[in-house]
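This is what each chain is made of:
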Amino acid sequence: MNWNFIIFSLVKIAIAIGVVQGIVMYSVLAERKISAWIQDRVGPNRTAPPFVKYIPVVGPFLTRLGVFQPLADGLKFLVKEDFTPGGVKKIYFWIAPALAVIPAMLTIAVIPFGSNIGAQKMVIADLNVGILYTFGIVSMGVYGIVLAGYAANSKYPMFGGIRSSAQMISYEISMGMSVIPVLLIVGNLNLSQIISWQSTHGWMVAYAPISFIIFMVASFAETNRTPFDLPEAETELVGGYHTEYGSMKFALFFLAEYSNMVSSSAMMVTLFFGGWTLPFWGLDHAATSFGMGIAQIFVFLAKMLFFMVVFIWVRWMFPRFRYDQLMDLGWRRFLPLALVNILITAVWLWLRS
Amino acid sequence: MAITVNRKKLTFWEKLYLPAIVGGLKVTLKHAYNTLFLGKVVTMEYPEQKWTLPTGYRGAPYLVKDQDNSTKCVSCQLCEFVCPPKAIRITPPGEHGQKADRTNAEKMPAEFEINMLRCIFCGFCQEVCPEEAIFLQKDYSLTGLSRSEMIYNKEKLLSLGGEVGGIQKWKLKLDEAKAQENFPVKL
């Protein structure tokens, strides 16, 4: 039994979960603020605990930025009555939010969010089958939504659940296919190895741009984000699969959606944008000092947050797809494109060898 | 009969979606830039910023005083009668009550109450008032912590209404009469 390993793993898990939760909280705020800016509005700018007004300059500025809004939102979710409607299937109704959140959080486990600090690798589980693990876990995420839709025992959540199951299964295939060229080029499933390959050869997006586009679109579909948010289409399905949910159980679905965004962004950064590396300032190889290790974590976070912003930005720009268009795009455009992409990459690698 | 709508054939470039996506991103980015850095915001932050109300805006009705700072209301109770939601309640001074605090008037109300919770801001009271003593002014956000607080009494109404010295009813009537003399009515 290696106590060192256990303790450091626990610390890393605690920090990773904490950071992800923090990002989730503030990405809700970012969502509201960015939507406001895009729509020529102001966004949340009032909420503040009472002591803040005594801080000069900084206090009003933070209030105006809405920094305290997520705290108020969280508190509201916590103190609301945890209500279970009469007609629901109780067991499924209760486990569905957990089933949505757990896979969303589990994906973070294999993502290398930094090179190393001291002797510790900055990844919770450095699996040799990192990508396979991710896909396995991500495909579990659909259960939460489907169960929520089924358990609600009402038609709109049911529609939402059915839509999401079809959508997520369809896009998982193109998503999986889109990553295969990356694996062909690197020759390894380990995410750390993929990053170290990119640090010597340059970012993967230059080698497999089509893969990146397919992966990105598919991850929008996987996370049920706006052009593909059919499972929760407010205008058609009231609220989709979480219509019957309230208080903390609803918040858990929210948490799951945003955690999925975080992990998708992290996957995109890891697979296509060199993870924690930067081609300059000597950040392109594993850290040799403590400061450099920290810097690389921040590089990773910055890249990830960029993609989070893209996720949010796209949401406030696109109209929702029609369901047949969604399926058309998934099966008749992206799947063949991904297959051709694999073929081209394979031929190119074969010719080069 | 089925109607076939002729759709424009999309070119390959248009079918790619990508140019449209980039165009959309540019539009939203421009809007975000305008709001963030140029301050082109459509939101009016209400309690701090307020509308400029147009003339003729019908806000809350208040009693006004004349140029000598005395009550214009003569307690005729026409407004009380005409008020559709019965928001106005006037207590007349009675036979031996207080005399009016101005000349040309016999009496003034002992108490004049408007229930602002009932008032519908219709302006009938202003229209019916023969003494031009009540005006719909530009207050629209009336708040209070209790129902009784929302019943405004004479003192409060007079202080809120302020002085409308410019309006002198009989002078106005005189001007009207003079104007009519220039255009004699043919029978």
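Here the structure is a predicted model, which is why all the values come from computation and not from measurement. (Residues numbered from 1 in each chain as written. Chains lettered and ligands numbered in written order. Predicted model: local features only at pLDDT ≥ 70, side-chain atom pairs only at ≥ 80, totals over all residues. Heavy atoms only, no water.)

A. Summary view of the overall build of chain B. Tallying secondary structure elements over chain B gives six helices and five strands in all. Since a compact globule built from 187 residues should have a radius of gyration of about 16 Å, the 29 Å found for chain B marks it as more spread out than a globular shape. Each principal axis of the C-alpha atoms in chain B carries an extent, and together these give about 95 × 55 × 45 Å. Scored against the burial criterion, the 187 residues of chain B give a buried share of 29%. The contacts of chain B with a sequence gap of at least 6 include a subset with a gap of at least 24, amounting to 73%. (Helix = DSSP H or I, 4+ residues; strand = E, 2+ residues; numbered from the N terminus. Rg over C-alpha atoms; globule rule 2.2 N^0.38 Å. Buried < 20%, exposed > 50% of the residue type's maximum accessible area, 1.4 Å probe, protein only. Contact = heavy atoms within 4.5 Å.)

B. Fine view of the domain arrangement of chain A. Residue and element names in this part refer to chain A. Each assigned domain of chain A is listed here: domain 1 (22-79) and domain 2 (83-352). Here the C-alpha centroids of domain 1 and domain 2 sit 27 Å apart. Across the contact, 12 residues belong to domain 1 and 19 residues belong to domain 2. Both faces combined, the contact of domain 1 with domain 2 buries some 1,300 Å², and carbon together with sulfur accounts for 80% of it. Ranking the residues of domain 1 by area buried against domain 2 places Ile23, Glu31 and Phe77 at the top, with a combined share of 46%. (Domains from an automatic or database assignment. Buried area = accessible area lost by both parts, 1.4 Å probe.)

C. Fine view of the pairing of strand β2 (residues 88-91) of chain B. Residue and element names in this part refer to chain B. The alternating pattern of β2 places Ile88 and Ile90 on a buried face and Arg89 and Thr91 on a face that is not buried. The pairing of β2 with strand β3 (residues 111-115) spans four bridges and is antiparallel. Across the sheet, the residue bridging to Thr91 is Glu111, located in β3. (Pairing = 2+ DSSP bridges.)

D. Inspection of the sheet that holds strand β5 (residues 151-152) of chain B at higher detail. As summarised here, the arrangement of the three strands in space is β2-β3-β5 (chain B), forming an open sheet in which the pairing is antiparallel. The strands lining the two open edges of the sheet, one partner per strand, are β2 and β5 of chain B.

E. Here's a closer look at the nonpolar core. Membership of the largest hydrophobic core comes to 87 residues, with the highest contact counts inside it found for Phe215(A), Phe228(A) and Leu271(A). A total of 14 residues in this core trace back to one element, the largest contributor, which is helix α11 (residues 247-272) of chain A. Taken domain by domain, the makeup of this core includes at least three residues from each of domain 1 (22-79) and domain 2 (83-352) of chain A. Those residues in contact with Leu271(A), other than ones at most four positions away along the chain, are Ile131(A), Val179(A), Val182(A), Leu191(A), Ile194(A), Gln198(A), Met204(A) and Phe215(A). In this structure, Cys79(B), Ala87(B), Phe112(B) and Cys125(B) belong to the second largest nonpolar core, which totals 22 residues. (Core = buried A, V, L, I, M, F, W, Y, C linked by side-chain atoms within 4.5 Å.)

F. Local environment of unusual backbone geometry. Positive phi is not limited to glycine here, since Asp40(A) has a value of about 60°. Tracing the backbone shows Asp40(A) in the loop between α1 (3-38) and α2 (58-65). Non-glycine residue Phe121(B) carries a positive phi angle of around 55°. Here Phe121(B) lies in the loop between β3 and α4 (124-128).

G. Focus on the interface of chain B and chain A. The partner chain A presents 15 residues to the 17 residues of chain B that form the contact. Per-residue buried area on chain B facing chain A is highest for Leu25(B), Thr28(B) and Glu45(B); these three make up 30% of the total on that side. Between Arg46(A) and Glu45(B) there is a salt bridge, with its nearest N and O atoms 3.6 Å apart. In this structure, the connection of chain B to chain A is made through eight residue pairs in polar contact (both at pLDDT 80 or more). Here the residues of the side of chain B that touches chain A sort into nine nonpolar, five polar and three charged. (Salt bridge = Lys/Arg side-chain N within 4 Å of Asp/Glu carboxyl O. Polar contact = N/O pair within 3.5 Å; in protein donor to acceptor, adjacent residues only side chain to side chain. Nonpolar A, V, L, I, M, F, W, Y, C, P; charged D, E, K, R; others polar.)

H. Spatial organisation of the pattern of salt bridges. Residues and elements named next belong to chain A. One pass over the structure, following the stated rule, counts 11 salt bridges over all chains. Between Asp82 and Lys249 there is a salt bridge, with the nearest N and O atoms lying 2.8 Å from each other. Of the two residues, Asp82 is situated in the loop between α3 (69-79) and α4 (90-106) and Lys249 in helix α11; the sequence distance between them amounts to 167 residues. Residue Lys249 is classed as buried on the basis of its relative accessible area of 4%. Among the ionic pairs, Arg322 bridges to Asp324, the shortest N-O distance being 2.7 Å. Residue Asp324 is classed as partly exposed on the basis of its relative accessible area, which comes to 44%. Several salt bridges converge on common partners, so that one network encompasses Glu31, Arg225, Glu257 and Arg315.

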